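Below, each chain spelled out in residue letters.
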Amino acid sequence: MKRLFTIMTTVAVLLAGCKKEDSGVVQSIKFTNVDSKRLTLVEGETFRVKYTVEPEELLETAVLEWTSSDEEIASVKNGRVKALCPGRAEVTASCGKATASFNIEVVPIEVTAFELQSSASGFVGKDIPIEVTGIEPSDASAASIKWSVDPEDLAYVSVSEGQLYLTGYKPGKGVLIGEGVGVTKQCSLELLEYISVENLSLTPAGPIELGYSESITIKGVVSPSDASIPEVNWEVNAPKNLFSDVTISGAILKLTAGSEEGQATIIASADGKSVSTRVTVKRPPVN
């Protein structure tokens with residue numbers, strides 16, 4: 001009988017322990033200052049979320065984890081939400097298995113004045129930076145302006161870190177339109193087909209040998225000839241005094257040997273393509 005009493009007492013203690021442990025777990029989270037689980041903030045605005053939990057006695061000790069579905073639109077830390085960029089995101093608070101969330105919409109600051117460059121051109125598929133200046137009020141940005149392109153299927157507009165970019169879908173002409181409060185600006189557009197460099201070669205191809213004070217002219221040849229970005233960039237990696245003169249003129253590189261022997265590596269690049277050659281400066285043979 002005594003043993004049975006001991007067993008029943010042990011079971012009772014275990015049950016009491018479980019009940020106490022459950023009472024220390026947050027069962028639910030409820031926001032008290034967000035109506036209908038929707039919140040609208042103006043770009044740059046900060047909002048402190050108020051909440052309660054069940055059981056209520058855990059409100060002071062419960063540690064909530066806060067997350068945002070899009071940190072570029074709205075960030076959240078310790079219940080403080082900051083509106084960063086126009087758009088929509090979802091803010092979630094969690095503690096153990098208890099979670100609660102609400103939707104946030106960030107709306108732009110009303111722009112009353114701005115200036116837009118009159119024209120822009122670029123290649124399809126490449127980001128084209130567009131200059132926007134004189135934005136008022138001063139705490140607004142290019143993201144605060146309503147942007148559209150006519151025709152719509154010509155290009156799309158994006159804003160990154162306050163810089164406006166245009167990216168073309170197809171070749172053609174159109175208009176970029178920016179709208180604020182009582183102010184509208186336009187920028188004429190021309191988008192061109194992008195033709196990439198398929199090959200880059202050097203003439204002469206090398207390797208090249210020079211005697212003291214001798215000169216050589218190296219030419220970078222791009223194909224196709226109508227490539228959109230045919231510019232050739234040069235890099236000369238050489239010991240000091242190996243060349244007495246290095247002259248670059250577009251696709252032409254001219255080297256004049258100096259008074260030292262040694263080797264140099266010449267690298268030409270154009271639109272992601274590159275080619276290299278070696279130039280050796282030698283002492284002339286003794287007769």
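Residues numbered from 1 in each chain as written. Predicted model: local features only at pLDDT ≥ 70, side-chain atom pairs only at ≥ 80, totals over all residues. Heavy atoms only, no water.

When its volume is computed, the largest pocket comes out at roughly 280 Å³. Taken together, 13 residues make up the lining of the largest pocket; nearest its centre are Cys 85, Val 159, Ser 160, Glu 161 and Gly 162. For the lining of the largest pocket, the residue count by class is 6 nonpolar, 3 polar and 4 charged. (1 Å grid on protein atoms, 1.4 Å probe; cavity = no way out; pocket = protein on both sides within 12 Å on 5 of 7 lines; lining within 4 Å. Points joined across faces, edges and corners; volume = space filled by probe spheres on them. Nonpolar A, V, L, I, M, F, W, Y, C, P; charged D, E, K, R; others polar.)

As a further point, take the confidence of the model for the protein chain. Put simply, the protein chain has an average pLDDT of 87, and 91% of its residues get 70 or more. Confidence drops under pLDDT 50 across residues 1–21; counting only partners more than four residues distant or on other chains, this segment forms 0 contacts. (pLDDT = per-residue confidence, 0-100. Contact = heavy atoms within 4.5 Å.)

The residue Ala 89 is located in strand 8 (residues 87–95) in this model. Between the C-alpha atom of Ala 89 and that of Thr 112, which follows or precedes it by 23 residues, the distance is 26 Å. Apart from residues lying up to four places away in sequence, Ala 89 is in contact with Ser 68, Ser 69, Asp 70, Ile 73, Phe 102, Asn 103 and Ile 104. (Helix = DSSP H or I, 4+ residues; strand = E, 2+ residues; numbered from the N terminus.)

In this section: the packing of aromatic side chains. Inspection of the entire model under this criterion finds 6 aromatic pairs. Site record: aromatic cluster; members linked through ring pairs are Phe 31, Tyr 51, Trp 66 and Phe 102. The ring centre of Tyr 194 lies 4.6 Å from the NZ or CZ of Lys 126, which sits over that ring. (Phe/Tyr/Trp six-rings, centres within 6.5 Å; stacked < 30°, edge-to-face > 60°. Lys NZ or Arg CZ within 6 Å of the ring centre and 35° of its normal.)

What follows is about the pairing of strand 24 (residues 252–257). Remark: a regular strand shows side chains that alternate across the two faces of the sheet. Bridge count between strand 21 (residues 215–223) and strand 24: 5 bridges; the pairing is antiparallel. Across the sheet, Lys 219 pairs through a bridge with Ile 252, a residue of strand 24. Strand direction decides the pairing type here: strand 23 (residues 243–249) and strand 24, joined by 6 bridges, are antiparallel. Of the residues in strand 24, the one forming a bridge with Val 246 is Leu 255. Where strand 23 folds back onto strand 24 in an antiparallel hairpin, the turn is made up of 2 residues, including Gly 250, whose phi is positive at roughly 65°. (Pairing = 2+ DSSP bridges.)

Moving on to the pairing of strand 9 (residues 98–107). Because side chains alternate across strand 9, one face comprises the buried residues Ala 98, Ala 100, Phe 102, Ile 104 and Val 106, and the other comprises Thr 99, Ser 101, Asn 103, Glu 105 and Val 107, none of which is buried. Looking at chain direction, strand 8 and strand 9 are connected through 9 bridges and run antiparallel. Across the sheet, Ala 93 pairs through a bridge with Ala 100, a residue of strand 9. Counting the residues that bridge the hairpin from strand 8 to strand 9 gives 2 residues, and of these Gly 96 lies at a positive phi of roughly 65°. (Buried < 20%, exposed > 50% of the residue type's maximum accessible area, 1.4 Å probe, protein only.)

Turning our attention to the nonpolar core. Considering soluble globular proteins, one finds that nonpolar side chains tend to be buried as a cluster. One finds Phe 102 and Ile 104 to be the most contacted residues of the largest nonpolar core, which totals 27 residues. At the level of secondary structure, the elements contributing two or more residues to this core comprise strand 1 (28–31), strand 2 (38–42), strand 6 (74–77), strand 7 (80–83), strand 8 and strand 9. Sort the elements by how many residues they give to this core and strand 9 lands first, with 5 residues. Setting aside residues no more than four positions away along its own chain, Phe 102 makes contact with Phe 31, Val 34, Lys 37, Arg 38, Leu 39, Val 49, Val 81, Ala 89, Glu 90 and Val 91. If you look at the next biggest cluster of nonpolar residues, it comprises 23 residues, including Phe 114, Leu 176, Val 183 and Leu 189. (Core = buried A, V, L, I, M, F, W, Y, C linked by side-chain atoms within 4.5 Å.)

To continue, consider the pattern of salt bridges. In this structure the tally under the stated criterion is 4 salt bridges. One salt bridge in this structure joins Lys 185 and Glu 115, with 3.8 Å as the shortest N-O distance. Of the two residues, Lys 185 is situated in strand 18 (residues 184–192) and Glu 115 in strand 10 (residues 113–116); the sequence distance between them amounts to 70 residues. In this structure Lys 185 comes out as partly exposed when scored by relative accessible area, which is 25%. (Salt bridge = Lys/Arg side-chain N within 4 Å of Asp/Glu carboxyl O.)

This next bit is on the side chain of Ser 141. Position of Ser 141 relative to the elements: it lies in the loop between strand 13 (132–136) and strand 14 (146–150). In contact with Ser 141, not counting residues within four places along its chain, are Glu 43, Val 111 and Ile 135.

Residues other than glycine predominantly adopt negative phi, and peptide bonds predominantly adopt the trans conformation. Residue Pro 137 follows Glu 136 across a cis peptide bond; omega there is 5°. Residue placement: Pro 137 occurs in the loop between strand 13 and strand 14. Here the amide bond leading from Thr 203 into Pro 204 is cis, since omega sits at -5°, within 30 degrees of zero. Inspection of the secondary structure puts Pro 204 in the loop between strand 19 (199–203) and strand 20 (208–211).

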